[in-house]
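As a plain string of letters, each chain reads:
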Amino acid sequence: MRMLDILLKLLHLGLLTKEVSESDYIALKKLDAAQWNIIYEMATSHRVAAIVYDGIQRVFHAYGDPFVEVSDAKAIRRKWISIVDQIEKKNKNQIITIKNMGSLWTKDGCKVLLMKGQANALLYPFPEHRTPGDIDCYLYDNYERGCELAERVGAKVDVHWYKHAQISIGGEMFENHKYFVTTRGGKKYRELNHELCVLLDNVSYDKFLETDIVLPPVMFNALFLTYHALAHFLSEGLRLRQIIDWAMFLKVHSSNIDWTQLYSLCDKYRFTTFMNIMNAIAIEDFGVVVHDSRIQVNQHLKQKVIDSLLDDNYIYSSDRGPWSKRLSIINNLIKYRWKYKEIYNKNVFQQLFEYVIGFVLKSE
């Protein structure tokens, strides 16, 4: 069995969407130290280490220690425990920082929407085990005001990127969004950004952990999470964390989604094939149960997307400079042009041309 298949099995267990079986224990017990290290590296690279360890622990409690026959088992287990501890501490610090900044903004009259990250974590069985990244927020008409208030309390604010400002405070990085998407990527992207703004109008909001910070409404999140995962898939590569975000969203909210409207929007922006692949992974590999007959799956391309996870070139998480990252994006466009042809249904050179024009003209 491939190490990727073992990783997916452990994620299935860690997400509590699968019962533990003796065959799971037998499969894990056969792994040697080198194979466990491969799984660890894959889990950390895809930002899912704590969830994988939850799966390991479920096997341990049901059938016994899967590391029992592994050389240096104590060192391997310590490594897993250490990364889980880091993830938990990072989440705790993020929540404190979000509440502090959110309070600053909301007390000044700013409406604050929390996106991705900690908002997605609330959908997980163990929110503290979703590996956090940056903190994404949207302050509606108060983008500039939000940056000014952050600077006033000592935050380092960088407004050079047109899509969002970066606000560094409390050891955390906020991305204060002016736009939800890369609007310089072409006319369709600007239309999509407007579409997402419309989905925030005249809707009810849930709140984040007893604060005045609001969480994304269902239809906004359905479209935004699909766009966000696809954008990563096309440009720098997809992580399992992003697929699991969709799977957990589907698990919690599939019955609240207007699938007719969502498919209409996805057809308009060429998202449908990719969303159906994520649906297939969520349902078939992570055991998410859905009951709406309008939900579609794409099994034909699912395995090709899963296999591509091992080959993707993660750009934005690297230490490369801005121009190096831009050149890497262009290289990825060419190298992985099958993604554009088979999944995005668009000519890669047309997309590259639109990127160049958008950044030259700087049109939002």
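The structure under discussion appears in the preceding block.
About the cut-offs
- Residues numbered from 1 in each chain as written.
- Predicted model: local features only at pLDDT ≥ 70, side-chain atom pairs only at ≥ 80, totals over all residues.
- Heavy atoms only, no water.
- Helix = DSSP H or I, 4+ residues; strand = E, 2+ residues; numbered from the N terminus.
- Buried < 20%, exposed > 50% of the residue type's maximum accessible area, 1.4 Å probe, protein only.
- Contact = heavy atoms within 4.5 Å.
- Areas by Shrake-Rupley, 256 points an atom, 1.4 Å probe, with all protein chains shown as cover.
- Pairing = 2+ DSSP bridges.
- Axes fitted to C-alpha atoms, helices over the stretch in contact; angles between N-to-C directions.
- Expected span 1.5 Å × (residues − 1).

Peer 1: What am I meant to see in the overall build of the chain here?
Peer 2: Across its full length, the chain holds 16 helices and five strands. Each of the 364 residues in the chain was classed as buried or not, and the buried ones make up 54%. Across the chain, the fraction of contacts at a sequence separation of at least 24, relative to all contacts at a separation of at least 6, is 70%. Only carbon and sulfur atoms are counted for the fraction: they give 52% of the accessible area of the chain, which is about 16,600 Å².

Peer 1: Would you explain unusual backbone geometry in this entry?
Peer 2: Here the phi dihedral of Tyr140 falls at roughly 55 degrees; this positive angle occurs in a residue that is not glycine. Structurally, the position occupied by Tyr140 is in the loop between β2 (135-138) and α7 (143-152). Located in the positive-phi region is Leu209, a residue other than glycine, with phi close to 45 degrees. The residue Leu209 is located in the loop between α8 (187-198) and α9 (218-235) in this model. Here Leu209 falls in the partly exposed class, since its relative accessible area comes to 34%.

Peer 1: Where do I start with the sheet that holds strand β3 (residues 156-158) in this structure?
Peer 2: In a beta sheet, neighbouring strands pair by backbone hydrogen bonds and run either parallel or antiparallel. If you walk across this open sheet you meet the five strands as β1-β2-β5-β4-β3, and the pairing is mixed. If you trace the sheet from one side to the other, it starts and ends with β1 (113-115) and β3, each paired once. Strand-to-strand twist in this sheet, taken as the mean axis angle between neighbours without regard to direction, amounts to 25 degrees. Pairing of β2 with strand β5 (residues 172-177), which is carried by four bridges, proceeds in the parallel orientation. Residue pairing across strands places Ile135 opposite Phe174, the latter belonging to β5. Against the sheet, helix α5 (residues 73-107) engages β1, β2, β4 (164-169) and β5, with an angle of about 45 degrees to β5.

Peer 1: Can you help me understand the pairing of β5 in this one?
Peer 2: For β5, the tally of buried residues reaches five of six residues, placing the bulk of the element in the interior. Here six bridges tie β4 to β5, and the two strands are oriented antiparallel to one another. Counted as the bridge partner of Ser168 is Met173 from β5. Taking the residues that link successive antiparallel strands as the turn, the β4-β5 hairpin has two residues, and the phi of Gly170 there is positive, at about 60 degrees.

Peer 1: How should I be thinking about α5 in this particular structure?
Peer 2: Given 3.6 residues per turn, any residue in an α-helix points the same way as the ones three and four places further on. Between the first and last C-alpha of α5 there are 51 Å, a value that for 35 residues agrees with the 51 Å anticipated at 1.5 Å per step. Positioned one or two residues after α5, Gly109 has a phi angle of 95 degrees, which is positive.

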